[in-house]
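# A structural walkthrough
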Amino acid sequence: MDGQTVRELLSHPATEVAPLLLGAHLTLGPVTIRLTEVEAYLGETDPGSHAFRGMTPRTTTMFGEPGHLYAYFTYGMHVCANVVCSPTGEASAVLLRAGEVVEGVDIARERRTTSKTDADLARGPARLTVAMGITLAHNGADVLGESSAPRLELARPAVDFGRSVRTGVSGPGGLDAFPWRFWLPGEPSVSPYRAHYPKKRPG
DNA sequence: GTCGAGATTATCT
DNA sequence: GATAATCTCGACC
């Protein structure tokens, strides 16, 4: 499957693209991971998306051409990576939440000294970027082209995957957003990541 | 295994 | 000044 074909596949809403990324390989230098957990973010309709409030300098990449990498800083010390989806002009992206290191495990271990097991190396969005060596410098890079950027390689479509519905959702005013999460069942690198607990208990 | 709280800074209002 | 697509450590079961 050539790059152009892949880019066409990515030119759809993140909710449709997300399952396609499960099992896909992402390579940057010596490290390759197999994506085991992703999450879809839309633009206008997803209150949890950075693009919900319109385009900002930071989210410009998200509105750009599909197949590019959207990397951003969060909580002051972490980097998260997304693959931009939907046609140019439409904000949509898939957050890479977790993966299994299939190549370059030694290097990933050096970068993630706090990991005690290999399954922990890329379990979590910020952990994944550390293990892979993704930084803000990769923001806007084309994952289907340049060799200096992370390179995405789709696997065969995942036939079996988990899918979360909005936990805690709800009703009107439910700001819980739409955590459209997709994962590969039975993967240690997915595991029951800490369930997001409410900061404030609802009355 | 689950639950709770602190750390730390770019970005937006 | 408030917020945030998080991680790590500690306490408890």
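Residues numbered from 1 in each chain as written. Chains lettered and ligands numbered in written order. Predicted model: local features only at pLDDT ≥ 70, side-chain atom pairs only at ≥ 80, totals over all residues. Heavy atoms only, no water.

### Focus: helix α1 (residues 3–10)
The complete set of buried residues in α1 reads V6, R7 and L10. The arc that holds the buried residues of α1, viewed along the axis, is 100°, so those residues lie on one side. On its buried side, α1 packs onto α2 (14–21) and β4 (78–84). A side-chain oxygen of the first residue of α1 lies 2.9 Å from the backbone nitrogen of Q4; this N-cap is D2. (Buried < 20%, exposed > 50% of the residue type's maximum accessible area, 1.4 Å probe, protein only. Helix = DSSP H or I, 4+ residues; strand = E, 2+ residues; numbered from the N terminus. Arc of directions from axis to C-beta. Contact = heavy atoms within 4.5 Å. Polar contact = N/O pair within 3.5 Å; in protein donor to acceptor, adjacent residues only side chain to side chain.)

### Thoughts on the environment of A71
Looking at the element boundaries, A71 is found in strand β3 (residues 69–74). Among the residues examined, A71 registers a relative accessible area of 0% and is labelled buried. Discounting chain neighbours no more than four positions away, the residues touching A71 are R58, V79, C80, T135, L136 and N139.

### As for the pattern of salt bridges
Under the definition given, this model contains 10 salt bridges. Residue E100 is joined to R34 by a salt bridge in which the shortest nitrogen-to-oxygen separation is 3.0 Å. Placement of E100 in strand β5 (residues 92–103) and of R34 in strand β2 (residues 31–42) is noted, with a sequence separation of 66 residues between them. Taking relative accessible area as the criterion, E100 reaches 29% and is therefore assigned partly exposed. By relative accessible area, which is 22% here, R34 ends up partly exposed. Notably, a salt bridge pairs R109 with D106, separated by 3.7 Å at the nearest N-O pair. A residue pair is termed a helical-turn pair when its members lie 3 or 4 positions apart in one helix, as R109 and D106 do in helix α3 (residues 105–111) at 3 residues. The class for R109 is partly exposed, based on a relative accessible area of 42%. Overlapping salt bridges bring together R7, E65 and D142 as one network. (Salt bridge = Lys/Arg side-chain N within 4 Å of Asp/Glu carboxyl O.)

By themselves, these are just geometric observations and shouldn't be taken as functional.
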